[in-house]
Amino acid sequence: MDNLDFSNEFDVRVAKLKMLEANGEKGFKAKFAKTHEIHDLDNIPLGTKVCVAGRLVAKRTFGKLIFARLYAIGDNFDAKDLSKVRYKVQISLNEKIIGAEALQKFKDYSDIGDFYGVKGELIVTQTGELTVQVEEFELLSKALRALPEKFHGLTDIETRYRQRYLDLIANDRSREIVLTRFKVMQFIREFYIKHGFLEIETPILQNAVSGALAEPFTTHHNALDLDMNLRISPETFHKRTIACGFDKIFEFAKDFRNEGLCANKLQEFTMLESYAAYWDFEDSIKFYTELFREVCKYVHGDYEFRKGNEVIKLPEQFPRMDYIATLNKIVGFDILEMTDPEAFKKLLIEKDLMPASELANQYTVGGMIDLLYKRKMRPFIKEPTILYNYPNIIPLARHNDKDDRIIDMFQLVIDGQEMVKGYSELVNPIQQKESFEQQALAKEQGDLEAMDYDKDYILAMEHGFPPISGIGFGIDIFLLHLMDCENIRETILFPITKPEDKQ
């Protein structure tokens, strides 16, 4: 090893690999038979012979004794506090046990980042550290590049997101957030199934922009010579599924919305949508409240979580706020009286409620009401609050029986952010046609977020839908709040980033 040029670590590692292979050893093995996972070792009696495997993340040599650490998340596990899960275990290689030749081989050929499998006895050292006293070891896969420097790790944000396989090794917080995400999704799935829901799948490639007000990503289907869009919501297909006779359904749906970048918005995101036949929006409020509380308890051990310096408590029933009454009080007039978009726009500018620049791309009364709400009302709602009594601004929501200008809808808002949206679904095809016609007009006028007139969906409605209520919430924004993250990309295993050469 003395004749290697150590100025280029990549070349040194490649040289080590070639030396091993020249001596008849494979640098990349096919398999290794583990008997235990690293995260299980705390529950194994001392003196047990174990076979564990993982990535070498530390190595210290003391003459005839080497201490090292193996890292692995391992397979599935049940843990209430993911921050306390064991991901690393110390291994000791003693010349008296493995022999001088084997010890020298580990000294010469092992590098931080390599994958090793070891067999040995589980002991506790004099310093009280759980350790595998190695009797045999095997290089499983040679790493040709080094891991981030031990103490500094990865600090550049874009590098962390681009190289998450390194970030999750170097940063305990990143690993905890991502692990929590997948354990929460598993918990939600089990919660739904326990309540009689069936998990389904619906198309991502669609030929009508529907289900939400958002600008889509577009593509082209070559075989059918058909312009298509990536799904912005699975909603209309879910309600078609209810029409098939499935009364309770849910889906973890990948949705795509071609919107701007910010700390709490993603263009590709995971939406949990669920629908129940014969429910109304009050049933959905009750169901979501229980779901949110139980997920919170699963993650944090109680019905509360921290957000910055604040503790957010989740009561059995969230306080409610009348959307229309509250917004009317803020703006000083009745928003339900507004029917002409241009007149409404003029009024907002005259009253100095919204600048003309922000209203330039607004083509509907509903769009301007929603913008008013997002600027003047939502940011000031801090405690968990159910908003209800909405103006008729959602094309797919059921009109209220007492006032056609109102829809049976709710949202939960926490600290100025929407956590969930749900409503009693519009199942009247005549009213749905009228809503789609209004959307089509807005699209003709230049509204990029307006829905298409979905003829296939109308046809399905005309064949009959039962009463339905549904909810939808983003898993990513849900985790952003639950885990007190600064940026929504922290909740994603592999968030979208620009290639390094395009930075």
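Chains are numbered independently. Their residues run from 1 in the order of the written sequence. Totals for whole chains, interfaces and linings use every residue, but because this is a predicted model, local features are given only for residues with pLDDT of at least 70 and side-chain atom pairs only at 80 or more, for both listing and counting. Note that the side-chain values use all heavy atoms of the structure and ignore hydrogens as well as water.

> Would you mind going over the environment of valine 132 with me for this structure?
Mapped onto the elements of the fold, valine 132 is located in strand β5 (residues 130–141). Distance in space between the C-alpha atoms of valine 132 and isoleucine 91 is 4.7 Å, their sequence separation being 41 residues. Contacts of valine 132, omitting those with residues within four sequence positions, involve Leu41, Val50, Val52, Val89, Gln90, Ile91, Ser92, Val118, Gly120, Glu121 and Leu122. Secondary structure elements follow DSSP: runs of H or I no shorter than four residues count as helices, runs of E no shorter than two count as strands, and numbering proceeds from the N terminus. Contacts: residue pairs with any heavy atoms within 4.5 Å of one another.

> What is the right way to read the nonpolar core from this model?
The nonpolar side chains of a soluble globular protein tend to be buried with one another. Among buried residues, those of type Ala, Val, Leu, Ile, Met, Phe, Trp, Tyr and Cys that are joined through side-chain atoms within 4.5 Å constitute a nonpolar core. When accessible area is computed with a 1.4 Å probe and restricted to protein chains, residues below 20% of their type maximum are described as buried, those above 50% as exposed, and intermediate ones as partly exposed. Judged by nonpolar contacts, the single largest core of 47 residues is most densely connected at Ile188, Tyr288, Phe292, Phe473 and Phe478. The set of elements that each furnish at least two residues to this core consists of α6 (172–194), β10 (248–256), β11 (268–277), α8 (281–300), β16 (406–414), β17 (417–424), β18 (468–474) and α15 (475–482). Among the elements that take part in this core, α8 stands out by supplying ten residues, more than any other. Ignoring anything within four residues of it in the chain, the contact list for phenylalanine 478 reads Val184, Tyr288, Phe292, Val295, Met419 and Phe473. Counting residues in each nonpolar core, the second largest holds 43 residues, with Ile249, Tyr275, Leu348 and Ile381 among its members.

> Help me out: how do you make sense of the environment of aspartate 415 in this one?
Within the secondary structure, aspartate 415 is located in the loop between β16 and β17. We classify aspartate 415 as partly exposed; its relative accessible area is 29%. When the C-alpha positions of aspartate 415 and isoleucine 381 are compared, they lie 5.8 Å apart, and in sequence the two are 34 residues distant. Those residues in contact with aspartate 415 that lie beyond four places of it in its chain are Lys307, Ile381 and Lys382. In protein, a polar contact requires one atom able to donate a hydrogen and another able to accept it; more generally it is a pair of N or O atoms within 3.5 Å, and residues adjacent in sequence count only if both atoms are side-chain atoms. Here lysine 307 takes part through its side chain, which lies 3.2 Å from a polar atom of the side chain of aspartate 415.

> So what exactly am I meant to see when it comes to the sheet that holds strand β1 (residues 49–62) here?
The strands making up a sheet are joined through hydrogen bonds of the backbone, oriented either antiparallel or parallel. Spatially, β1-β2-β3-β5-β4 is the arrangement adopted by the five strands of the closed barrel, whose pairing is mixed. Direction aside, the axes of adjacent strands within the sheet are offset by 55 degrees on average. At least two bridges found by DSSP between two strands is the condition for calling them paired. Where strand β3 (residues 88–94) lies against β5, three bridges are found, and the strand directions are parallel. Note that in β5 the partner of glutamine 90 across the bridge is threonine 131. An axis is simply a line fitted to the C-alpha atoms; with a helix, the fit covers only the stretch in contact. Between two such axes, the angle follows the N-to-C directions and lies from 0 to 180 degrees. Together, β1, β2 (65–71), β3, β4 (115–124) and β5 form the strand contacts of helix α3 (residues 100–109), whose direction differs from that of β2 by roughly 55 degrees.

> What exactly am I supposed to notice about the pairing of β5 here?
For a regular strand, side chains alternate in direction, first toward one face of the sheet and then toward the other. Relative to β5, β4 runs antiparallel, the two sharing ten bridges. Paired with tyrosine 116 across the strands is leucine 139, a residue of β5. What sits between the antiparallel neighbours β4 and β5 is a turn of five residues, in which glycine 128 has the positive phi angle 85 degrees.

> For this particular structure, what's the right way to read unusual backbone geometry?
Leave glycine aside and you will find that most residues have negative phi; peptide bonds, for their part, are mostly trans. A positive phi is found at aspartate 225, a non-glycine position, where the angle reads about 50 degrees. Summarising the element assignment, aspartate 225 is placed in the loop between β8 (218–221) and β9 (226–230). We classify aspartate 225 as exposed; its relative accessible area is 60%. The backbone of aspartate 484 sits at a positive phi, close to 55 degrees, despite the residue not being glycine. As for its placement among the helices and strands, aspartate 484 is situated in the segment after α15. The class of aspartate 484 is partly exposed, set by a relative accessible area of 31%.

> In this structure, what is going on with the state of the cysteines? I would like to understand it.
Should the sulfur atoms of two cysteines be covalently bonded, the bond is a disulfide. In this description, a disulfide is simply a cysteine sulfur pair whose atoms lie within 2.5 Å. Inspection of every chain in the model, using the stated rule, returns zero disulfides. Of the cysteine sulfurs around cysteine 296, a residue in no disulfide, the closest is that of cysteine 485, at 14 Å. Since its relative accessible area comes to 0%, cysteine 296 is described here as buried.

> In this structure, what is going on with the pairing of strand β12 (residues 304–307)? I would like to understand it.
The side-chain alternation of β12 yields one buried face, formed by Phe305 and Lys307, and one unburied face, formed by Glu304 and Arg306. Both β12 and strand β13 (residues 310–313) contribute to a ladder of four bridges, which runs antiparallel. In the strand pairing of β13, lysine 307 is matched with glutamate 310. Hairpin connection of β12 to β13: two residues between the antiparallel strands, including glycine 308 at a positive phi of 65 degrees.

> Would you mind showing me how to read the sheet that holds β8 here?
Taken in spatial order, the three strands line up as β7-β9-β8 in an open sheet, and their pairing is antiparallel. Two strands lie at the open edges of the sheet, namely β7 (205–206) and β8, each paired on one side alone. Of the pairings in the sheet, the one linking β7 to β9 comprises two bridges and is antiparallel in character. When the bridges of β9 are listed, glutamine 206 appears paired with asparagine 229.

> Explanation requested: α8 in the structure shown.
Taking 1.5 Å as the rise per residue, α8 with 20 residues should run 28 Å; its terminal C-alpha atoms sit 28 Å apart, in good agreement. Of the residues that open α8, the one with a side-chain oxygen 3.1 Å from the backbone nitrogen of glutamate 282 is aspartate 280. Following α8 by one or two positions, glycine 301 adopts a phi angle in the positive range, close to 85 degrees. Any helix carries an expected span of 1.5 Å times its number of residues minus one.

> In this structure, what is going on with the packing of helix α1 (residues 9–22) against α3? I would like to understand it.
A pair of packed helices can be characterised by two numbers: the angle between their axes and the separation between those axes. The contact between α1 and α3 brings their axes to 10 Å, and the two run at 145 degrees. Contacts between α1 and α3 involve Lys16, Met19 and Leu20 from the first element and Lys105, Asp108 and Tyr109 from the second. Amino acids are sorted into nonpolar (Ala, Val, Leu, Ile, Met, Phe, Trp, Tyr, Cys and Pro), charged (Asp, Glu, Lys and Arg) and polar (every other residue, Gly among them). Here the contact of α1 with α3 is composed, by residue class, of three nonpolar, no polar and three charged.

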